[in-house]
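Summary of the model geometry
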Amino acid sequence: MKINLEHVAVVLNEPHYPENIGAAVRAAKNMGISRFIAVRPADCDLARILKMATHHAEDLVLGIEVHDRLEDALKPFQYVVGTSARRGSHRQFVKNPRQIALELIPISRKNHIALLFGPEASGLANEHIRYCDALVTIPTGEFSSINLAQAVMIMVYEVFTAASGQKEGFTPRLATHGELEAMYVQLKETLTRINFINPENPDYWMESIRRFFSRMRLRGRDVQLIRGICRQIHWYVNSRQSLVVSGQKEHPSDD
């Protein structure tokens, strides 16, 4: 089995230099990837982008999708792979490009995958990491800083060449990030309301919940089930509050 490249896209979050965008587009084109997304690029000088991409990748340059928010750019994708040179509490489960490329083979059958890269100077921040289902670090020597376009080339090369000797098994369609983000908004509201998470800093507590569900690879119907539970909790809390306001009790035995 090989990866389904039609389901793979490169996403650059807040790239600063049009030359890096052009070189990254060229790398994607070299490795058979036909979808390219830029989020809040600082400079979209088409002439400078095309100069680095060359005329061979002109079609991909002209088809670049541009978004103002990373959340909107990732909505259609079921699986997001973030690249990061940094380690920390939010970045425990980090793999190398070859490992993740092999894991993406079965996922790519029915799911759309985003390869996410951060800005040249700072890389992906923790607020961006929360959207990722997996994290990748490119192994280096003592000097760990890699040019953005070089990082893109390494990743797409590993994805392009990845092959598995295993027979194709069943891989379900996972929930999109649009579906997941709507679920997380509802979960945060529900868990805050029942005092499961601290209302003064709910996003901090939600990070652990995000990581938990990310490891489970939820399907669309799983998301609907969780959202249904949240709605039922809200209904129950509202009904209890109504009883308190009206001075009634739920059961006669409570007297």
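Preceding this section is the structure that the text describes.
Described below are features of the structure shown in this document.

So, how was this worked out
Residues numbered from 1 in each chain as written. Predicted model: local features only at pLDDT ≥ 70, side-chain atom pairs only at ≥ 80, totals over all residues. Heavy atoms only, no water. Salt bridge = Lys/Arg side-chain N within 4 Å of Asp/Glu carboxyl O. Helix = DSSP H or I, 4+ residues; strand = E, 2+ residues; numbered from the N terminus. Buried < 20%, exposed > 50% of the residue type's maximum accessible area, 1.4 Å probe, protein only. Contact = heavy atoms within 4.5 Å. Phe/Tyr/Trp six-rings, centres within 6.5 Å; stacked < 30°, edge-to-face > 60°. Lys NZ or Arg CZ within 6 Å of the ring centre and 35° of its normal.

**Things to note about the pattern of salt bridges**
Enumeration according to the criterion identifies 13 salt bridges in this entry. For Glu 65, the salt bridge identified is with Arg 35, shortest N-O distance 2.8 Å. Of this pair, Glu 65 sits in strand β3 (residues 65-67) while Arg 35 is found in strand β2 (residues 35-39), placing the two residues 30 residues apart along the sequence. The exposure class assigned to Glu 65 is partly exposed, which follows from its relative accessible area of 26%. Linking Lys 188 and Asp 203 is a salt bridge whose minimum nitrogen-to-oxygen distance equals 3.0 Å. Here Lys 188 is found in helix α8 (residues 177-193), whereas its partner Asp 203 is found in helix α9 (residues 202-216), with 15 residues between them in sequence. A single salt-bridge network, built from bridges that share partners, covers Arg 69, Glu 71, Asp 72 and Lys 75.

**Details of the environment of Leu 187**
Secondary-structure assignment places Leu 187 in helix α8. Along the backbone, Leu 187 and Met 206 are 19 residues apart, and their C-alpha atoms lie at a distance of 8.7 Å. Those residues in contact with Leu 187 that sit more than four places away from it in its chain are Met 206, Ile 209, Phe 213, Ile 226 and Cys 230.

**Some points on the packing of aromatic side chains**
Summed over all chains, the structure comprises two aromatic pairs. Judged by centre distance (5.4 Å) and plane angle (85°), the ring pair of Tyr 204 and Trp 205 falls under edge-to-face. Here Tyr 204 falls in the exposed class, since its relative accessible area comes to 52%. Seen from the ring of Phe 160, Lys 2 lies directly overhead, with NZ or CZ sitting 6.0 Å from the centre.

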